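Take a look at the letters that make up each chain.
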Amino acid sequence: MIKIAAVGVAAVLMAMQLKELKPQFGTYVVFGAGILIFFYAFGKLSEIVEAVGELSRQAAIEEKYVQILLKMLGITYVSEFAASLCRDGGYGSVAGQIELFGRLSILLVSFPVILSLLELLGRILA
């Protein structure tokens, strides 16, 4: 976390300095740092998947539900990251569209869970 925080702070400080010379260079530095942080975090994904897999085995959760959860987390992270980059670049409307598409994607991915819950409710009530 300290490395990521240092990269972020250094990028912001460089962007502030470059903003006086050419504002677009500051934006490029911040975008570059954001992408670097994103790919560093993406590299840690295997550790997260292993930890979630171990938790699901211990809790006896079906693998399909764990996969759905991981997809939802991935969609959330990617859409938030992309929306933040667009918002930082001054394109708030594009950021809003990315966030909307991310929410719709999460809803679509979660349908199997919703259907399972409805089936369970139907069996309980019947």
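Since this is a predicted model, take the numbers as computed values, not measurements.

Calculation criteria
Residues numbered from 1 in each chain as written. Predicted model: local features only at pLDDT ≥ 70, side-chain atom pairs only at ≥ 80, totals over all residues. Heavy atoms only, no water. Phe/Tyr/Trp six-rings, centres within 6.5 Å; stacked < 30°, edge-to-face > 60°. Helix = DSSP H or I, 4+ residues; strand = E, 2+ residues; numbered from the N terminus. Expected span 1.5 Å × (residues − 1). Buried < 20%, exposed > 50% of the residue type's maximum accessible area, 1.4 Å probe, protein only. Arc of directions from axis to C-beta. Contact = heavy atoms within 4.5 Å. 1 Å grid on protein atoms, 1.4 Å probe; cavity = no way out; pocket = protein on both sides within 12 Å on 5 of 7 lines; lining within 4 Å. Points joined across faces, edges and corners; volume = space filled by probe spheres on them. Nonpolar A, V, L, I, M, F, W, Y, C, P; charged D, E, K, R; others polar.

Overview of the packing of aromatic side chains
Thinking step 1. This model, assessed by the stated rule, comprises 4 aromatic pairs.
Thinking step 2. On the basis of an interplanar angle of 50° and a centroid distance of 6.4 Å, the ring pair of phenylalanine 25 and tyrosine 28 is categorised as tilted. Linking phenylalanine 25 with tyrosine 28, this pair stays in helix α2 (residues 23-43), spanning 3 residues, or about one helical turn.
Thinking step 3. Between the aromatic rings of phenylalanine 38 and phenylalanine 39, the centroid separation amounts to 5.4 Å while the plane-to-plane angle is 75°, which identifies the pairing as edge-to-face.
Thinking step 4. Three or more aromatic residues link up through ring pairs in this structure, and these residues are Phe38, Phe39, Tyr77 and Phe81.

So, helix α1 (residues 2-21)
Thinking step 1. Compared with an ideal rise of 1.5 Å per residue, which puts 20 residues at 28 Å, α1 spans 29 Å between its outermost C-alpha atoms and is within 8% of the ideal.
Thinking step 2. Buried residues of α1: Ile4, Ala11 and Ala15, and no others. In an axial view of α1, the angular spread of the buried residues amounts to 35°, which keeps them on one side of the axis. Turned more than 90 degrees away from the buried face of α1 sit Ile2, Val9, Met16, Gln17 and Glu20, all of them exposed.
Thinking step 3. Along its buried surface, α1 packs onto α2.

Looking at the side chain of serine 110
Thinking step 1. Following the sequence through the fold, serine 110 ends up in helix α5 (residues 92-125).
Thinking step 2. Assessed through its relative accessible area of 11%, serine 110 is described here as buried.
Thinking step 3. Contacts of serine 110, omitting those with residues within four sequence positions, involve Ile68 and Met72.

Quick notes on the layout of surface pockets
Thinking step 1. In this structure, the largest pocket occupies an estimated 310 Å³ of space.
Thinking step 2. Lining of the largest pocket is provided by Phe38, Ala41, Phe42, Leu45, Ile48, Val49, Leu70, Lys71, Leu73, Gly74, Tyr77 and Val78.
Thinking step 3. For the lining of the largest pocket, the elements supplying multiple residues, two or more each, are α2, α3 (45-59) and α4 (63-88).
Thinking step 4. Among the elements that take part in the lining of the largest pocket, α4 stands out by supplying 6 residues, more than any other.
Thinking step 5. Residues of the lining of the largest pocket, tallied by class, amount to 10 nonpolar, 1 polar and 1 charged.
Thinking step 6. Its boundaries defined by the atoms lining it, the second largest pocket holds a volume of some 170 Å³.
Thinking step 7. What lines the second largest pocket is simply Ala15, Lys19, Pro23, Gly26, Thr27, Val30, Phe31 and Asp88.
Thinking step 8. Element by element, the count of residues in the lining of the second largest pocket is highest for α2, at 5 residues.

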